[in-house]
Amino acid sequence: MHDNQDVPLAIIVMGVSGSGKSSIGEGVAAKLGIHFIEGDALHPAANVEKMSKGIPLTDEDRWPWLEKIGQEISASLAKNEGVVVTCSALKRVYRERLRASAGGHLYFIYLEGSKELLTKRMGERKGHFMPASLLESQLQTLEVPTGEPGVVTVDIDATIEEIVDASVKSLRAIL
């Protein structure tokens, strides 16, 4: 299915909060028959507490989390298992660190949507630690991955099933 059949697929579903990373990641993993990891579950407790209070994370807060995600990807690849992980991956330097953890064999599905749609979705979520007030800081931090290798961009103004299908189709086109 992809250029190096000896290396299983490693995919990050990325985007700002409210873009649907978890739902899309689960759907893509199911469709491809590979393991799914919820990146938010890998955050240190201090990060979750900070975000719960509406305080944006700094680079220093994010490095240990990104390291943990990288370790999970590396461990899956070492076991010759494909994996889909959710991670906001807002900055190119974060994505480069994740690529290095995966030995360069990493694809990204960037979930893109309007601020209005993202705000609406965040307002409809129940029981998530990330308040809608942090969306603005995430949008300001986001370095759109257009033009980076191994990245597909998928618009989120559709149903979950349509977004999952578009994500898999777009990935297959670059593999």
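Up top is the structure.
Figured I'd write up the structure that's included with this text.

Definitions and cut-offs
Residues numbered from 1 in each chain as written. Predicted model: local features only at pLDDT ≥ 70, side-chain atom pairs only at ≥ 80, totals over all residues. Heavy atoms only, no water. Helix = DSSP H or I, 4+ residues; strand = E, 2+ residues; numbered from the N terminus. Buried < 20%, exposed > 50% of the residue type's maximum accessible area, 1.4 Å probe, protein only. Pairing = 2+ DSSP bridges. Contact = heavy atoms within 4.5 Å. Arc of directions from axis to C-beta. Expected span 1.5 Å × (residues − 1). Phe/Tyr/Trp six-rings, centres within 6.5 Å; stacked < 30°, edge-to-face > 60°. Axes fitted to C-alpha atoms, helices over the stretch in contact; angles between N-to-C directions. Parallel < 35°, antiparallel > 145°, perpendicular 65-115°, else oblique. Left-handed = near helix turned anticlockwise from the far one by under 90°. Nonpolar A, V, L, I, M, F, W, Y, C, P; charged D, E, K, R; others polar.

## Observations regarding unusual backbone geometry
- One non-glycine residue, Asn80, lies in the positive phi region at around 60 degrees.
- Among the structural elements, Asn80 can be located in the loop between α3 (59-78) and β3 (83-86).
- On the accessibility criterion, Asn80 (54% relative accessible area) is exposed.
- A positive phi is found at Ala89, a non-glycine position, where the angle reads about 45 degrees.

## Thoughts on the pairing of β3
- Neither face of β3 is exposed, since Val83 and Val85 on one face and Val84 and Thr86 on the opposite face are all buried.
- Pairing geometry for strand β1 (residues 10-14) and β3, over four bridges, is parallel. Following the sheet pairing, Ala10 is matched in β3 by Val83.

## A look at the side chain of Ser167
- Locating Ser167 in the fold gives a position in helix α7 (residues 160-174).
- Apart from residues no more than four positions distant in its own chain, Ser167 is found in contact with Ile24, Val28, Ile109, Leu111 and Val154.

## Some remarks on helix α5 (residues 115-124)
- Residues of α5 that are buried: Leu117, Leu118 and Met122. The arc that holds every buried residue of α5, seen down its axis, measures 130 degrees, which confines them to one face. Opposite its buried face, α5 presents the exposed residues Glu116 and Gly123, each directed more than 90 degrees away.
- Buried residues belonging to α5 abut α6 (135-141).

## Some thoughts on α7
- With 15 residues, α7 ought to run about 21 Å at 1.5 Å a step, and its terminal C-alpha atoms sit 21 Å apart, in line with that.
- When we look at burial in α7, the residues that qualify are Ile163, Val164, Ser167, Val168 and Leu171. One face of α7 carries all of its buried residues, which in axial projection span an arc of 130 degrees. Looking at α7, the residues exposed on the side facing more than 90 degrees away from the buried face are Glu161, Lys169 and Ala173.
- At its buried positions, α7 is contacted by β1, α1 (21-32), β4 (107-112), α5 and β5 (151-155).

## Thoughts on the packing of aromatic side chains
- The final tally for this structure, using the stated rule, is one aromatic pair.
- Between Trp63 and Tyr94, the ring centres sit 5.3 Å apart and the planes meet at 90 degrees, which makes this aromatic pair edge-to-face. Residue Trp63 is found in helix α3, and its partner Tyr94 is found in helix α4 (residues 92-101); the two are separated by 31 residues along the sequence.
- For Trp63, a relative accessible area of 23% puts it in the partly exposed group.

## Quick word on the sheet that holds β3
- Spatial ordering of the open sheet is given by β2-β3-β1-β4-β5, a layout of five strands whose pairing is parallel. Of all strands in the sheet, those with a lone pairing partner are β2 (35-37) and β5, marking the two edges. Averaged over all adjacent pairs, the angle separating strand axes in this sheet is 20 degrees, with direction ignored.
- Sheet strands in contact with α4 are β1, β4 and β5, and its direction is about 150 degrees off that of β4.

## A few points about the packing of α1 against α7
- Where α1 meets α7, the axes come as close as 9 Å, and the angle between the chain directions of the two elements is 55 degrees. One way to sum up the angle between α1 and α7 is to call them oblique. Crossing handedness for the pair α1 and α7: right-handed. Where α1 approaches α7, its residues Ser23, Ile24, Gly27, Val28, Lys31 and Leu32 are matched on the opposing element by Ile160, Ile163, Val164, Asp165, Ser167, Val168 and Arg172.
- Taken together, the residues that form the contact of α1 with α7 break down as seven nonpolar, three polar and three charged.

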